Amino acid sequence: MTRIPEEYKSKTSNKFQKRLLYCISENECNKNDFAKLAGVNKEIITRATVYGIIPSVRSLVKIADYLNVSIPYLLGISNETTFYKSDSPSSFHLRLDQLTQEKNTKYSQISNQMPFAKNSIYEWIRTGTLPTLEYLYALANYFKVSIDYLLGRTDDRD
């Protein structure tokens, strides 16, 4: 479990840019081919590799899934290359509900301790959207789980 570094609260990251360029070169393909293989728009990869712009969480998940790496590894927060995908992946919304029940709390109580608006959790559930990277890290820290666990990508809580 890692707190999100201050630099990832912005929309760009030199560490992410370098890590993504490294991953693309390791896959021995060009940026356009990598984008196709990862299932993201080529402009996302271009902006990430040229300017270090961190894409949406959905795009980060697609890239990390293709590479079979953790989000912290992809962002350059961690150098741990071992990642175990869940045998039965879940969604963020189901994991959030599960963790809330385990902690015997309510969304409103969680929201009171978070840096986002009180109705945000309900809005994410209603619209099927994901929070920003910063808010995901805040929730992961609150529940003492990894961001990948919270996103349902792995069954490893750490």
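Keep in mind it's a predicted model, so treat the numbers as computed, not measured. (Residues numbered from 1 in each chain as written. Predicted model: local features only at pLDDT ≥ 70, side-chain atom pairs only at ≥ 80, totals over all residues. Heavy atoms only, no water.)

Before going further, it helps to examine the confidence of the model for the protein chain. Scored by pLDDT, the protein chain has a mean of 92; 94% of the residues are at 70 or more. Note on residues 1-5: pLDDT under 50 across the span, and 17 contacts to partners over four residues away in sequence or across chains. (pLDDT = per-residue confidence, 0-100. Contact = heavy atoms within 4.5 Å.)

Okay, the environment of Pro-72 next. The residue Pro-72 is located in helix α5 (residues 71-75) in this model. Take Pro-72: its relative accessible area is 12%, and that puts it in the buried class. Separated by 75 residues in sequence, Pro-72 and Ile-147 have C-alpha atoms that sit 8.0 Å apart. If we skip the residues at most four places from it in the chain, Pro-72 touches Ile-77, Ser-78, Tyr-137, Ile-147 and Asp-148. (Helix = DSSP H or I, 4+ residues; strand = E, 2+ residues; numbered from the N terminus. Buried < 20%, exposed > 50% of the residue type's maximum accessible area, 1.4 Å probe, protein only.)

Contact pair helix α1 (residues 14-26) / helix α3 (residues 42-51): the axes reach a minimum separation of 7 Å and the direction vectors enclose 120°. Classified by the angle their axes make, α1 and α3 are oblique. For the pair α1 and α3, the crossing hand works out as left-handed. In contact with Phe-16, Gln-17, Leu-20, Leu-21 and Ile-24 of α1, α3 contributes Ile-45, Ala-48, Thr-49, Val-50 and Tyr-51. Partitioned by chemical class, the residues of the contact of α1 with α3 number eight nonpolar, two polar and no charged. (Axes fitted to C-alpha atoms, helices over the stretch in contact; angles between N-to-C directions. Parallel < 35°, antiparallel > 145°, perpendicular 65-115°, else oblique. Left-handed = near helix turned anticlockwise from the far one by under 90°. Nonpolar A, V, L, I, M, F, W, Y, C, P; charged D, E, K, R; others polar.)

We now examine the packing of helix α6 (residues 92-102) against helix α9 (residues 133-143). Axis separation between α6 and α9 bottoms out at 11 Å; the angle between their running directions is 30°. With respect to α9, the element α6 is oriented roughly parallel. The handedness of the crossing between α6 and α9 is left-handed. Only Leu-136, Leu-139 and Phe-143 of α9 make contact with α6, whose side of the interface consists of Phe-92, Leu-96, Leu-99 and Thr-100.

Moving on, we get to unusual backbone geometry. Of note in this structure, Asn-104 is not a glycine but carries a positive phi near 55°. A positive phi angle, close to 60°, is found at Lys-144, a residue other than glycine. When its relative accessible area of 57% is taken as the criterion, Lys-144 is described as exposed.

Tallying each qualifying case throughout the model produces five salt bridges. Residues Asp-65 and Arg-153 are paired through a salt bridge, measuring 2.8 Å at the closest nitrogen-oxygen approach. Placement of Asp-65 in helix α4 (residues 57-67) and of Arg-153 in the segment after α10 (147-150) is noted, with a sequence separation of 88 residues between them. Among the ionic pairs, Glu-102 bridges to Arg-157, the shortest N-O distance being 2.8 Å. Taken together, the residues Glu-102 in helix α6 and Arg-157 in the segment after α10 connect sequence positions 55 residues apart. Residue Arg-157 is classed as partly exposed on the basis of its relative accessible area of 32%. The structure contains a network of salt bridges with shared partners spanning Asp-65, Asp-148 and Arg-153. (Salt bridge = Lys/Arg side-chain N within 4 Å of Asp/Glu carboxyl O.)

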